[in-house]
Each structure stands twice: as C-alpha cells, then as structure tokens.
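Observations on the three-dimensional arrangement
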Amino acid sequence: MMIRREIGRRLAAYYAQPCHKVVGSLGTNILHEFNLNNDNTTTHIQFKRLLGEWHWKRIYRQLYDRQEGQWLTPVELFRPYYSQILANFIACETLEAVTNGNMNNNSVQVVELGGGRGTNALEILSYLKHTYPSIYERIDKYIIVDSSPTLLDLQRNILIGERYENDRNSISSSRTSLFRDKVSLVPMDLMDVAENKNSDFLDPSSVHTITISLELLDNLPHDKIKRCETTGTILQAELIPSFSTTPTNHNHTNNNETKQTNNQMIESFVPLHDPLLTQIINHAPSYVAHLGNHPTSMARWIPSVACGVLQTLYQQRPNSSLLLADFDALPPPTFNSSSIVDKESCTAEGEPLFTDMKDTDHACLLTSPPFCDILFPTDFPRLAEFVNNILHQQERITTKGNTRYKDSANHDDHKDQQQKSISETNGFRTLIRKQSDFLLDFGPCQIEATKSFLTGYSPMISDFSNCSVLTVSRSVELPSSSIIK
C-alpha cells in the first residue's frame, strides 16, 4: 500500500469528526468578552482597537484557547479582510480575462478546494456582490470541493441556508440564502481525483476558472521516496503488514529499507513503479535533485495528491487561474510526556507534524494515535516547476496535438528562490510570494483596516510569516490602486 493511502485514511477519520472540533472560529461571545467587536452580533475583530503587537499576542493566545477548534485559519482570524483580498484577486483575474478576450460566454467559475467552514466563500461572494457587482454577475458557479461530511454540512448551512444545528456559531439562513443560485458543493476525495479514479471532478470546459486553495496542500496525502545507494535508482515507500515476506533490501545501510512498527505495519522501500509518482518526477525533476547526496536528504516527501489534482485541473480546465496559499516551513515538533517519540519510519526531507486532538505532537505516522492532524510544509519552487511544466504540456497539446513535452530546464534545487519567483508560460504568469507580500499587493485597504490605531501594527501582515502564496494568472503586472478597493 502506498503511504499516501494510509495518510488519506487517517486524515479522513480526522475530518469526519464534528466540524467545531477541527476548524475553529471566533464566536461573538468570545470577541465581546475581549471588547474586540462593536456589539454582541459582530463576528470579526475590530483590529483598530489593538494597542500594538504585545496586545495582539496576548489576546491571540487567549482567543485560541477559548475557541473549540484545533486550529484557526487566517480566513477565520482575519475575517472578513483576508477573504476580501482573495476577492480582489478574483476581480483582477476576471477583469484581465475580459480585457484580453479570454472569457467563454462572458462567465467565470470559482473553485475552492477544501472549503473549511464556508466562511471564505461567504465573505468573497458578499464582497464581490457589493463591491464588484458586474464581476459578481459573471460568476456562474462557486464550486466547493471537500471530502469532510461534517464540514460540507456546515458549508451547506452557511452558504445555501439549510440549517445545521450542531454548529454553535452558525449564522442565520436568511442572510446566506442569497447565494443558493451560485454555490455548488461537491463531496469528493481529492486522492481519487489525483489517481484518476473520479471523472466527475470538474466538467471539461474552456470557461475561465479561478481555483483557490487555502491551507489545503499541507493536509493532502504525500508519498515518500529515496535513492538506492548501490544502484542510484529511485525507490518508493510502501506499507505492508508485518507478517508479509520482507522484500529485498535495496540499500545496504544502517537505516534499513524495512521498518517494523507497533501497529503491525512495515515501511518498505521498493523500486519506483507508481504511475502518479513517476509522472510527477518526469514533470518536476527537481523533486529528485540531490536526493541521497546528503544525510538530510536521504529521503524526501512528495506532494503526490496535490500534483495529481493540479494536473487533472489543467486537463479539464486549461483556462484556469490559480491561487495556492500554505505553509512553506513548519516548526519542529514539541514533545511532552504524552508524546509518542518512537520513530518507526525513515526520516525524510519535508517531514510533517503529527498532532493529536490534545495538541500533543508525535514522532511518526505509524506510531501516532488516531485522530491526528498531519501537516506537511510545501516546497513552493518545486511545486511551481511542476505547474509550469503542466502548462507547457497543455500548450504543446493545444498547438501541436498530442505532443509530449520534454523538460529542458535546470533541475537544480530552487530553495533559494523561495522568497520570490516569477515565470511566464503559455500566457500565464506563475509567481511565488510570501503571504504578506501577496496581501500587500492585493489588499492595501484591507491591511489598513487591520492596523492598530496606536502603533500601526497589523497582525495580518506580521503573523503567518511561514506562509507563501503561489499564483498562476493572466495578469502581466501587479494590480493598480484604481482596481483594488
């Protein structure tokens, strides 16, 4: 069994829990208690009331402890301003498509992969409706693809107006039923999309599509690879029952190819044969660059499901803009007396965090308890290389028929480009920015609204400093201040 399937099984169980236990929100009572909203009905923080950075950090810790979810996203924490900035991006992409004649039937579709509590879609649609009414009218569909049944129920209530009684912070259905004709909720496991097991992901179309994904990449199943020291071939990690015959050892080192675990599973490395992993490495050779050259890069995690989904996206919607926001780095795990520190698998570059429902970190997938959040960092330069080569492939298919694109780029590690990287392919501009830079580019007014009246400190800019944003857009330059509102 590929490791991604075990990760997928574990994460499916984690996200099947009641939604309020996983994705947190700031209830009105909590905000009112800290005098951070105007009344007892406002659902967002009045950042202007902050006294500065020290005040925010003290309140943030208390807010985090009081809310029920395991974590708070920027969408929930900086509501509605963070989502409004995303809406500005959608508006810019739509205007660019209209200007350059890239619209199909004058309509646009927005696809959100992993909809969280539905807050992001709610704030984006509300903002577009009131600030860019002509662009709002062009939105034919706002599609949310999610695999969590409990989050889908909450999204249905928040966006369509069907009541969901289990959520304490749910807003009334009367306000949100306005989006019933726009929103489409699609229950789907993205691993099935990545592995081409589900053909109903999106209808194939040339309609202009804007796909956004916020802190989803870190929760998508990954695979692990390493290089055999004796033959130089690429090996893929698999999990097999401990009673199975131990496979041939492909690497004669102290770090054996086969690891036995307490949960009756063994991590085993075998020659690369998985079709999805093979495609990813062909499209982005940097995923295997320098593999095995240094003790810290003996093995490497590969975002196989994310890459598979992006490949399917551009096959079905070649006229797609893209926005991916996620963690580019993660802190090391913090172990305590409750942590399971036994590690029964090979340590790899890009190691994830395994955090249980009591916020306790554990060392290993195969020894961690059930219901853990599994959080991976994203290597944005390598992911951008993959996306660019997919776009190159689509260009070859479009202009020359079924022509196979052979990569000729420099395959060196691009980690030094993590700060900012720009390339242009097939009319699209691929750009990696730190999240703070993206927010400043597309949301100067929203940034201003989150600044302390006393010091000018904005937590939306200063927090989440370990996050980056990858965009694929038709825009050839940054939006002007006359466009951004």
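Placed above this text is the structure.
All of these numbers come straight from a predicted model, not from anything done at the bench.

**Looking at the layout of surface pockets**
Empty space within the largest pocket amounts to approximately 900 Å³. Forming the walls of the largest pocket are 26 residues, and the residues nearest its centre are Tyr60, Tyr64, Trp71, Phe327 and Leu375. Listing elements by their share of the lining of the largest pocket, those giving two or more residues are α3 (53-66), β11 (353-355) and β13 (373-375). When residues of the lining of the largest pocket are assigned to their parent elements, the largest contribution, five residues, is made by α3. Classifying every residue of the lining of the largest pocket gives 13 nonpolar, five polar and eight charged. Roughly 630 Å³ of internal volume is contained in the second largest pocket. At four residues, the largest contribution of residues to the lining of the second largest pocket is made by helix α1 (residues 3-15). Split by residue class, the lining of the second largest pocket holds 21 nonpolar, 11 polar and six charged.

**Regarding a nonpolar patch on the surface**
Nonpolar side chains collect at one region of the surface, where Leu51, Trp54, Phe453 and Leu454 lie side by side and expose about 450 Å² of accessible area between them. Mapped onto the secondary structure, Leu454 falls in the loop between α15 (444-449) and α16 (459-462).

**Observations regarding the pattern of salt bridges**
In total, this model carries 19 salt bridges according to the counting rule given. Ionic pairing is found between Arg61 and Asp65, a salt bridge with its closest N-O pair at 3.1 Å. You can see Arg61 and its partner Asp65 sitting in helix α3, four residues apart, about one turn around the helix. Overall, the relative accessible area of 42% leaves Arg61 in the partly exposed class. One salt bridge in this structure joins Asp328 and Lys434, with 2.7 Å as the shortest N-O distance. Of this pair, Asp328 sits in the loop between β10 (320-327) and β11 while Lys434 sits in strand β15 (residues 428-434), placing them 106 residues apart in sequence.

Procedures and definitions
Residues numbered from 1 in each chain as written. Predicted model: local features only at pLDDT ≥ 70, side-chain atom pairs only at ≥ 80, totals over all residues. Heavy atoms only, no water. 1 Å grid on protein atoms, 1.4 Å probe; cavity = no way out; pocket = protein on both sides within 12 Å on 5 of 7 lines; lining within 4 Å. Points joined across faces, edges and corners; volume = space filled by probe spheres on them. Helix = DSSP H or I, 4+ residues; strand = E, 2+ residues; numbered from the N terminus. Nonpolar A, V, L, I, M, F, W, Y, C, P; charged D, E, K, R; others polar. Patch = residues over 30% accessible without salt bridge, like charges linked within 9 Å, V, L, I, M, F, W, Y side chains within 5 Å. Areas by Shrake-Rupley, 256 points an atom, 1.4 Å probe, with all protein chains shown as cover. Salt bridge = Lys/Arg side-chain N within 4 Å of Asp/Glu carboxyl O. Buried < 20%, exposed > 50% of the residue type's maximum accessible area, 1.4 Å probe, protein only.

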